[in-house]
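Chain residues, written in single-letter form:
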Amino acid sequence: MSDLQLDEVTITRGGLPVCRDIRLHAPRGEVTVLLGPNGAGKTTLLDAISGVIATATGKITLDGRDILGLRREQRARLGLAHVEQGRSIFPGLSVEENILAGARSSDAVHRVMALFPQLIARLHTQAGLLSGGEQQMLVIGRALAGKPSVLLVDEMSLGLAPIVVRNVMPIFRQLAHQGVGILLVEQYAALALEVGDRAYVLNRGEIVFEGDCAELRGKVDVLRGAYLAATPAGHK
Amino acid sequence: MIQAAISGFVSGGAYATLGLSIVLVYRMMGVLNFAQAAIGAFGAYVAFVLFEGGMPYTLAVPLGIAAAAAIGALLGLVMSTWFSEAGAEVCSTVSVAALITLLAAGFRIFGDSPRSVPDFFSGASFMLFGVVITATGAVAIGGAVILAFAIGLLLRRTRIGILLRALSERPTTAELLGIRARRLTLIVWAFAGAVSALAILIIAPTRTSAFLGLSMLIVPALAAALIGLLRSLEAAVLGGLGMGMLEGVATSIPDLAPYRQVLPFLVIATMLLWTERAEVWDARR
Ligand SMILES: Nc1ncnc2c1ncn2[C@@H]1O[C@H](COP(=O)(O)OP(=O)(O)OP(=O)(O)O)[C@@H](O)[C@H]1O
Ligand SMILES: [Mg+2]
């Protein structure tokens, strides 16, 4: 089985359970969208999958293999890539070096440039000097340089111009077409639902909705209801 | 005067080399390692003891260097296992604990009496521009310069250099890319340990080489590293050389000689004050 599967995953942070009893399936060849309001636990969930946080219990399998006991780099070497929230470039390294740091084959720089031609002119620029949009492209490109089988992307759109987001989203579609499994975390639903196959809505650490993106697109009220459930009592 | 300064070549080269290993560990691992000289001294002492036991020096030296590399790697293992999420302050404190442990262990294993240390180049020297330069001095200086150059080149031009810099800038992100952080960490610590042993081995014949005294060479080495603000390899080498030569001059002036040990403290204090004033410290964080 080629995919990412979470079963009864509970994650504690600072002694409190931030995500509870999560079941989630992100198959290869599909874009799975994870939506939810601020503080819902989306980042926490991705962090637990990639090993940034080591306090998860339950079962997380990648291609049928339990990865919960593995270190971060071991999970990465099994084909898991995690684009962290915020632009996690290596600021002192050049664009090319950033890509090489994530590369597992010699044609990596080439492939990334084919995907993001805007970066060609900046190849030898320090990554810290790039614009926000360029940095986000670099971070995604760097993750792809390692030829992942499952890609986790956290709030790619944050701080990016809508036009840039619109340019990047189809790339996920294209990757899924090549067999990569993608788990896309987004706070702003509309664009993500356009490219996604299945969607989960996370709310105060629990999955409150699961369904097809197409289905969810038509049901704004379902989405709103799910989000509203997260607001403190009294605001309803 | 010039001859006096030149007599500081050996110390200068050793300070520079120790300073280099301190800068390397600080830049790559974020740890100010106060035990760096003690690790080198431990390795050097292993070589001395093996030599006294009848082993040829050419065999004892590599074994001593290997011992220092192993101790360095062990400290690196401790750091990466239990203190990988801890800040620079905690890690540096751990290195002080390591220094104390090494001093105690060294005292028990090697005793406190100075060793008879063979001079590898048996006092060979040559004349250049009318001053006498010992072979040891030339090797110490040349070695430090070449080492700085080689490390710089490695960090900038090789794949392992890219991975190391990535790891030092964002350890978690580097691990998420599949970079084998632990392995790289151990390599850096072991390399720094080996280099420190070399530095101590070269300076030991010129000193009364008790274990404690050699371990305390961390002070001038730190001063050298601080001249490069713990970042610049080149400045650390120049700083080390400068300090060695100043020390040589101070030694030749009878009124100053007793106070020459104070020199590195002056340099350290000056550098710290200057960095505070210039807010370089702040900008780096
Ligand atoms: N280091 C931490 N220790 C304890 N609790 C934390 C920690 N980091 C986050 N939390 C809590 O975990 C919860 C989920 O945070 P998380 O960052 O996963 O949310 P998110 O869904 O990614 O939100 P956003 O959309 O704002 O990025 C929040 O309530 C937050 O207060
Ligand atoms: Mg988040």
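Residues numbered from 1 in each chain as written. Chains lettered and ligands numbered in written order. Predicted model: local features only at pLDDT ≥ 70, side-chain atom pairs only at ≥ 80, totals over all residues. Heavy atoms only, no water.

(A) Representation of the overall build of chain B within the structure. Secondary structure summary: chain B contains 14 helices and 2 strands in total. Whereas a compact globule of 285 residues would reach a radius of gyration of roughly 19 Å, chain B reaches 19 Å, a difference of no more than 12%. The C-alpha extent of chain B, read off along each of the three principal axes, is 55 × 50 × 35 Å. Counting only residues that meet the buried cut, chain B has 53% of its 285 residues in that class. Considering only intrachain contacts with a sequence separation of at least 6, the fraction spanning at least 24 residues in chain B is 76%. A distance of 10 Å separates the average location of the 17 positive side-chain charges in chain B from that of its 13 negative side-chain charges. (Helix = DSSP H or I, 4+ residues; strand = E, 2+ residues; numbered from the N terminus. Rg over C-alpha atoms; globule rule 2.2 N^0.38 Å. Buried < 20%, exposed > 50% of the residue type's maximum accessible area, 1.4 Å probe, protein only. Contact = heavy atoms within 4.5 Å. Lys, Arg positive; Asp, Glu negative; His and termini not counted. Charge placed at Lys NZ, Arg CZ, Asp CG, Glu CD.)

(B) Geometry of the interface of chain A and chain B. Taken together, the 24 residues of chain A in the interface contact 20 residues of chain B. Here chain A packs against chain B, burying approximately 2000 Å² in sum over the two surfaces, 53% of which is carbon and sulfur. When the area that chain A buries against chain B is broken down by residue, the three leading residues are R72, E73 and F90 of chain A, summing to 30%. Its salt-bridge partner being E175 of chain B, residue R72 of chain A comes within 3.2 Å of it at the nearest N-O pair. (Buried area = accessible area lost by both parts, 1.4 Å probe. Salt bridge = Lys/Arg side-chain N within 4 Å of Asp/Glu carboxyl O.)

(C) Expanded view of the site of ligand 1. All names here are of chain A. In the region of ligand 1, 14 residues are neighbours, and N38, G39, K42, T43 and T44 sit closest. Take R13: an N or O atom from its side chain is 3.0 Å from a nitrogen atom of ligand 1. Interatomic distance of 2.8 Å between a backbone N/O atom of G39 and an oxygen atom of ligand 1. The protein chains hide 60% of the 640 Å² of surface that ligand 1 would expose on its own. Among the elements that take part in the shell around ligand 1, helix α1 (residues 42-50) stands out by supplying 3 residues, more than any other. Partitioning the shell around ligand 1 into residue classes produces 3 nonpolar, 8 polar and 3 charged. (Near = heavy atom within 4 Å. Polar contact = N/O pair within 3.5 Å; in protein donor to acceptor, adjacent residues only side chain to side chain. Areas by Shrake-Rupley, 256 points an atom, 1.4 Å probe, with all protein chains shown as cover. Nonpolar A, V, L, I, M, F, W, Y, C, P; charged D, E, K, R; others polar.)

(D) Layout of the packing of aromatic side chains. Residues and elements named next belong to chain B. If you walk through the whole model with that rule in mind, you get 7 aromatic pairs over all chains. Summarising the aromatic geometry, the rings of Y45 and F211 are spaced 5.4 Å apart at their centres and angled 85° between planes, so their arrangement reads as edge-to-face. One end of the pair, Y45, is in helix α3 (residues 36-52); the other, F211, is in helix α10 (residues 211-215), with 166 residues separating them in the sequence. The same class applies to Y45 as to F211, namely buried. Here the aromatic residues F42, Y45, F48, F110 and F211 are joined through ring pairs into a cluster of three or more. (Phe/Tyr/Trp six-rings, centres within 6.5 Å; stacked < 30°, edge-to-face > 60°.)

(E) Main features of the nonpolar core. Core analysis: the largest hydrophobic core is formed by 100 residues, its most contacted members being I22, F48, L201 and L217 of chain B. Per-element tally for this core: the top contributor is helix α9 (residues 181-203) of chain B, with 14 residues. Leave out the neighbours within four places in its chain, and L201 of chain B touches A44, A47, F48, Y57, V61 and I65 of chain B. Counting residues in each nonpolar core, the second largest holds 50 residues, with L123, V164, A199 and F209 of chain A among its members. (Core = buried A, V, L, I, M, F, W, Y, C linked by side-chain atoms within 4.5 Å.)

(F) A look at the coordination of the magnesium ion (ligand 2). Protein coordination of the magnesium ion (ligand 2) is provided by T43 of chain A (OG1) and Q85 of chain A (OE1), with donor distances spanning 1.8 to 2.1 Å. Of this pair, T43 of chain A sits in helix α1 while Q85 of chain A is found in the loop between β6 (80-83) and α3 (95-102), placing the two residues 42 residues apart along the sequence. (Donors = N, O, S within 2.8 Å, 3.2 Å for Na, K, Ca; no water.)

(G) Spotlight on helix α6 (residues 162-177) of chain A. Residues and elements named next belong to chain A. With 16 residues, α6 should cover 22 Å at 1.5 Å per step; its first-to-last C-alpha distance of 23 Å lies within 8% of that length. Every buried residue belonging to α6 is among V164, V165, V168, M169, I171, F172, L175 and A176, and all of these are buried. Summarising the axial view, the buried residues of α6 lie within an arc of 155°, below the 170-degree limit, and thus occupy one face. Away from its buried face, by an angle of more than 90 degrees, α6 presents the exposed residues I163 and H177. One or two steps after α6, the chain reaches G179, where phi turns positive at roughly 105°. (Expected span 1.5 Å × (residues − 1). Arc of directions from axis to C-beta.)

(H) Up close: the sheet that holds strand β9 (residues 198-203) of chain A. Residue and element names in this part refer to chain A. Ordered in space as β6-β7-β8-β3-β9-β10, the 6 strands form an open sheet in which the pairing is mixed. Edge positions in the open sheet fall to β6 and β10 (206-212), since each of these has one partner strand only. Going across the sheet, the axis of each strand differs from the next one's by a mean of 15°, ignoring polarity. Bridge count between strand β7 (residues 150-154) and strand β8 (residues 181-186): 5 bridges; the pairing is parallel. Paired with V153 across the bridge in β8 is L184. α1 contacts β3 (31-35), β6, β7, β8 and β9 of the sheet and is inclined by roughly 150° relative to β7. Sitting on the sheet, helix α5 (residues 132-145) touches β6 and β7, and the angle it makes with β6 is about 170°. (Pairing = 2+ DSSP bridges. Axes fitted to C-alpha atoms, helices over the stretch in contact; angles between N-to-C directions.)

(I) Highlighting the pairing of β10 of chain A. Residues and elements named next belong to chain A. With 6 bridges joining them, β9 and β10 adopt antiparallel strand pairing. Across the sheet, the residue bridging to N203 is E206, located in β10. In sequence, β9 turns back onto β10 through a hairpin of 2 residues, with R204 there showing a positive phi of about 45°.

Keep in mind these numbers describe shape, not what the thing actually does.
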